[in-house]
Amino acid sequence: MTGRPNQAPPAFEARGPGQSPEAATFSVVICVYTEDRWTDILAAVDSVRQQSYSSLETLLVVDHNPVLLERLAAKFEGAADTRVLANAGPRGLSAGRNTGIATARGDIIAFLDDDAVAERDWLHWFADGYADPRVLAVGGHTEPIWASGRRPLWFPAEFDWVVGCSYKGLPRGKVEVRNVLGGNASFRRRAFDIAGGFATGIGRDGDKRPLGCEETELCIRITRARPDAVLLIDDRAVIHHRVPAAREHFAYFRTRTYAEGLSKALVARSVGADKGLETERAYSTRVLPAGAARGVRDFALGRAGGAGRAGAIVAGVLTAAGGYALGTLRARGAGATFTVAEIDAPAKESGRTEAAA
């Protein structure tokens, strides 16, 4: 599960909204790749412009799409708060993020999905978390906007990570976690100086597999490099993420959970199964059985969707396990590799091989 799950220690001390967070400058990176999301991209940028805690800049990083690059450059020509960049690395979300990091002028870099909008206090709550100098990353809460207008009856909330959203079972409040969720996250710039950038070859690249876990791998790498580092999720930092109609179907659910298993195998190969899967074990042994039991209970009580939710949880576990098993087998051979970028110049995409799969 990409950046999922996170089981946390006790809640981290939070300050009230009336208290001013320590001054921090934010660069917001939005990675884009298709003109099909033109309206969503403009809405995402507008939500950043309306923040109660102003950002220094918004960086739109275009992933190898010259037509979209030209169109966005024309749209934001002369805008002092928005810059349009071409992905300087290989195709994919990780390299796009690394391009944004390398170019960003802020001392904190926030990431927002191109099909999401942030609530007005999103950056305020991120900034609040950085009042503690130990904090190197702060993530938020992501709510789904279903294309059909409502959650499909069969779709278990425990699997909302499938559609890029926060899921049932995540700790609530302002809490310390193993990793943040990439579409709604922020990092101190020095976290990348310490640990390098996002690993390429593991994150999203259209619909290619694997499709995620780059945030998990990065966060584990950060805390290994700095054992005293603190990573937080503050569920007051809210964004709303569009879920297209195609992702409301079971076929996508099954494909996505399978791909997650493949990605988890890559992460476990890189950081070890103890770290790569430690919170997933709690998720699989506590959160999912409880969710399946609720589905069975709802079915017994005649409530709509209960059997479907229970069945989807079982299917999700099995397909993710199948992907993980295949990914582990591939990791023992001479398969694909992923690399960790060193972030020190706008066009630099060099690094060291971290894993094979």
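By convention here, each chain's residues receive numbers from 1 onward along its written sequence. Given that the model is predicted, a residue must reach a pLDDT of at least 70 before its local features are reported, and side-chain atom pairs must reach 80 or more before they are shown or counted; all residues, however, enter totals for whole chains, interfaces and linings. With hydrogens and water stripped out, all remaining heavy atoms of the structure feed into the side-chain values.

**Focus on the confidence of the model for the chain**
Confidence in the prediction for the chain averages 86 pLDDT; 82% of positions are at 70 or higher. pLDDT: the predictor's confidence for each residue, scored from 0 to 100. The contact criterion used is simple: two residues touch if any of their non-hydrogen atoms lie within 4.5 Å. Across residues 345-357 the pLDDT falls below 50, and counting only partners more than four positions away or on other chains, this stretch makes 46 contacts in the model.

**Some remarks on the environment of G295**
With respect to the helices, strands and loops of the structure, G295 is situated in helix α9 (residues 278-300). Taking the C-alpha atoms as reference points, G295 and A307, separated by 12 residues in sequence, lie 5.7 Å from one another. The residues contacting G295, other than those within four sequence positions of it, are G306, A307 and A310. For the purposes of this entry, the term helix denotes a DSSP run of H or I that reaches at least four residues, the term strand denotes a run of E that reaches at least two, and both are numbered from the N terminus.

**A short note on the packing of helix α1 (residues 38-49) against helix α2 (residues 66-75)**
Contact geometry for α1 and α2: axes closest at 13 Å, N-to-C directions at 40°. The angle between α1 and α2 places the two elements in the oblique class. Considering the relative orientation of α1 and α2, their crossing is right-handed. Contact with α1, carried on its side by W38, I41 and L42, involves L68, R71, L72 and K75 of α2 and no other residues of that element. In the contact of α1 with α2, the residues fall into five nonpolar, no polar and two charged. Working convention: axes come from line fits to C-alpha atoms, limited for helices to the stretch in contact. Angles between N-to-C directions cover 0 to 180 degrees. What sets the label is the angle itself: under 35 degrees gives roughly parallel, over 145 gives roughly antiparallel, 65 to 115 gives roughly perpendicular, and the rest give oblique. Handedness of a crossing follows from how the near helix is turned relative to the far one, being left-handed for an anticlockwise turn of less than a right angle and right-handed for a clockwise one. Nonpolar residues are Ala, Val, Leu, Ile, Met, Phe, Trp, Tyr, Cys and Pro. Charged residues are Asp, Glu, Lys and Arg, and all others, Gly as well, are polar.

**Some details on the side chain of H141**
With respect to the helices, strands and loops of the structure, H141 is situated in strand β6 (residues 135-146). Apart from residues no more than four positions distant in its own chain, H141 is found in contact with S166, R172, N184, D234, D235, A237, V238 and I239.

**Digging into the pairing of strand β3 (residues 82-86)**
By definition, two strands form a pair when at least two bridges between them are found by DSSP. Of the pairings in the sheet, the one linking strand β2 (residues 57-62) to β3 comprises five bridges and is parallel in character. Counterpart to V62 in the pairing with β3 is A86. As a crossover connection, the stretch from β2 through α2 into β3 is right-handed. The crossover handedness rule: strands pointing away from the viewer, path from first strand over the helix to second strand clockwise, crossover right-handed.

**What to know about the environment of R297**
When you line up the elements, R297 lands in helix α9. On a C-alpha basis, the gap between R297 and A307 in space is 8.7 Å, while along the polypeptide they are 10 residues apart.

**Considering the pattern of salt bridges**
Any carboxyl oxygen of Asp or Glu that lies within 4 Å of a side-chain nitrogen of Lys or Arg is treated as forming a salt bridge with it. Applying the stated criterion to the full structure yields 23 salt bridges. For the salt bridge of R37 with D114, the shortest nitrogen-to-oxygen distance reads 2.7 Å. Within this pair, whereas R37 is found in the loop between β1 (26-32) and α1, its partner D114 is found in the loop between β4 (108-112) and β5 (116-118), the two being separated by 77 residues in sequence. Overall, D114 belongs to the buried group, its relative accessible area being 4%. The partner of D235 in a salt bridge is R172, with the nearest N and O atoms 2.9 Å apart. You can see D235 sitting in strand β10 (residues 230-243) and its partner R172 sitting in the loop between β6 and β7 (174-176), a full 63 residues away along the chain. A relative accessible area of 15% places D235 in the buried class. The buried label goes to any residue with under 20% of its type's maximum accessible area, the exposed label to any with over 50%, and the partly exposed label to all in between, with areas taken from a 1.4 Å probe on protein chains only. Taking the relative accessible area as the measure of exposure, R172 reaches 57% and is therefore exposed. Among the charged side chains, a network of salt bridges with common partners joins D128, K174, D234 and R236.

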